[in-house]
Amino acid sequence: MSNMLRRGIFLLGVLVMAACAMPETRIYSLHMPADNLKTQARKQAMITVRVQSPRYLAQPYIAHRLSPYQLEISRYAKWDSAPVEMVREIFKDSLSVVYQDVRASNFAAEGSFVLNINLKRFERVEDSYAELAFDAVLNSAEGRELYRIAVAKKVQIETRDSAGLAKGLSAALSESVKEVVAGLGVKI
């Protein structure tokens, strides 16, 4: 009986340890290559950047779209910040190279151009692709629409893990930001 009790306690202990073991949480970030822009005089303009997104993109969890109707959120793989925040900061930093006063805020200062970005997709799809989609609209200080672009990028990722997704989304976002900044340059 004593041996049986010891074996039972040992087995129970092993089961408890196995149940408490969790996979390691991994955190991923985007890497935006530094453009070798010549030092140039920045344009005299004030721009306020606003970014909106669905709720799941306002959280730092990595998303995988299984179908048009189903989205899987990773429990143990996260972004270093929510996609909506990363996109906001990347646009702010990229515009700051060209324009003198760039802010990321929901409230536009008087006389400020407003760049509204509606982030729609920032996820893995079909196991081997990264998908980025957003609309960008530039409004004048008076509220008149000056520029509009819909961006959708689907990039094949090198590896099917979250590191491959981060690399693919970094490339897609870098290319997309360049397109938007170039388009704004014509209108401001």
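Residues numbered from 1 in each chain as written. Predicted model: local features only at pLDDT ≥ 70, side-chain atom pairs only at ≥ 80, totals over all residues. Heavy atoms only, no water.

Student: Before we move on, can you summarise the overall build of the chain with the specific residues and values?
Tutor: Along the chain, the regular secondary structure elements total three helices and eight strands. In the chain, the succession of α and β elements from N to C terminus is α-β-β-β-β-α-β-β-β-β-α. Rg of the C-alpha trace for the chain: 22 Å, well past the compact-globule value of 16 Å for 188 residues, more than 25% over. With 188 residues in all, the chain has 37% of them scored as buried. Sequence separation of 24 or more characterises 68% of the internal contacts of the chain that already satisfy a separation of 6 or more. About 11600 Å² of surface is accessible on the chain, with carbon and sulfur atoms providing 53% of the total. Mean positive and mean negative side-chain charge positions of the chain (25 and 20 charges, respectively) differ by 3 Å. (Helix = DSSP H or I, 4+ residues; strand = E, 2+ residues; numbered from the N terminus. Rg over C-alpha atoms; globule rule 2.2 N^0.38 Å. Buried < 20%, exposed > 50% of the residue type's maximum accessible area, 1.4 Å probe, protein only. Contact = heavy atoms within 4.5 Å. Areas by Shrake-Rupley, 256 points an atom, 1.4 Å probe, with all protein chains shown as cover. Lys, Arg positive; Asp, Glu negative; His and termini not counted. Charge placed at Lys NZ, Arg CZ, Asp CG, Glu CD.)

Student: Before we move on, could you go through the confidence of the model for the chain and cite the residues and values that matter?
Tutor: Taken over all residues, the pLDDT of the chain has a mean of 88, while the share at 70 or more is 91%. In the model of the chain, helix 1 (residues 2-20) stands out as the element of lowest mean pLDDT, 70, in contrast to strand 7 (residues 129-139), which has the highest, 97. (pLDDT = per-residue confidence, 0-100.)

Student: Account for the pattern of salt bridges, naming residues and giving values.
Tutor: Counted according to the given criterion, the structure contains ten salt bridges. Here Glu 123 makes a salt bridge to Arg 121, at a shortest N to O gap of 3.3 Å. Owing to a relative accessible area of 26%, Arg 121 belongs among the partly exposed residues under this scheme. Notably, a salt bridge pairs Arg 148 with Glu 145, separated by 2.9 Å at the nearest N-O pair. (Salt bridge = Lys/Arg side-chain N within 4 Å of Asp/Glu carboxyl O.)

Student: Lay out the nonpolar core with the relevant residues and their values.
Tutor: Grouped together as the largest cluster of nonpolar side chains are 44 residues, with contacts concentrated most on Trp 79, Phe 91, Leu 95, Leu 115, Phe 122 and Phe 134. Examining the composition of this core, we find that nine residues originate from one element, helix 3 (residues 162-187), more than from any other. (Core = buried A, V, L, I, M, F, W, Y, C linked by side-chain atoms within 4.5 Å.)

Student: Mind laying out the side chain of Ser 170, listing which residues take part and the relevant values?
Tutor: Tracing the backbone shows Ser 170 in helix 3. Within the structure, Ser 170 has its side chain in polar contact with the backbone nitrogen of His 31 (distance 2.9 Å). (Polar contact = N/O pair within 3.5 Å; in protein donor to acceptor, adjacent residues only side chain to side chain.)

Student: Which residues make up the packing of aromatic side chains, and what values do they have?
Tutor: Taken as a whole, this structure holds two aromatic pairs when the rule is applied. For the pair Trp 79 and Phe 122, a centre-to-centre distance of 5.5 Å together with 65 degrees between the ring planes defines the contact as edge-to-face. Taken as a pair, Trp 79 in strand 4 (residues 70-79) and Phe 122 in strand 6 (residues 113-125) lie far apart in primary sequence, 43 residues in all. Just as Trp 79 is buried, Phe 122 falls in that class too. Ring geometry for Phe 91 against Phe 134: centres 5.7 Å apart, planes inclined by 85 degrees, an arrangement best described as edge-to-face. Taken together, the residues span a long stretch of sequence, with Phe 91 in helix 2 (residues 83-96) and Phe 134 in strand 7 at a distance of 43 residues. Of the two residues, Phe 91 and Phe 134, both sit in the buried class. Cation over ring: Lys 154 sits above Tyr 129, and NZ or CZ is 5.2 Å from the ring centre. (Phe/Tyr/Trp six-rings, centres within 6.5 Å; stacked < 30°, edge-to-face > 60°. Lys NZ or Arg CZ within 6 Å of the ring centre and 35° of its normal.)

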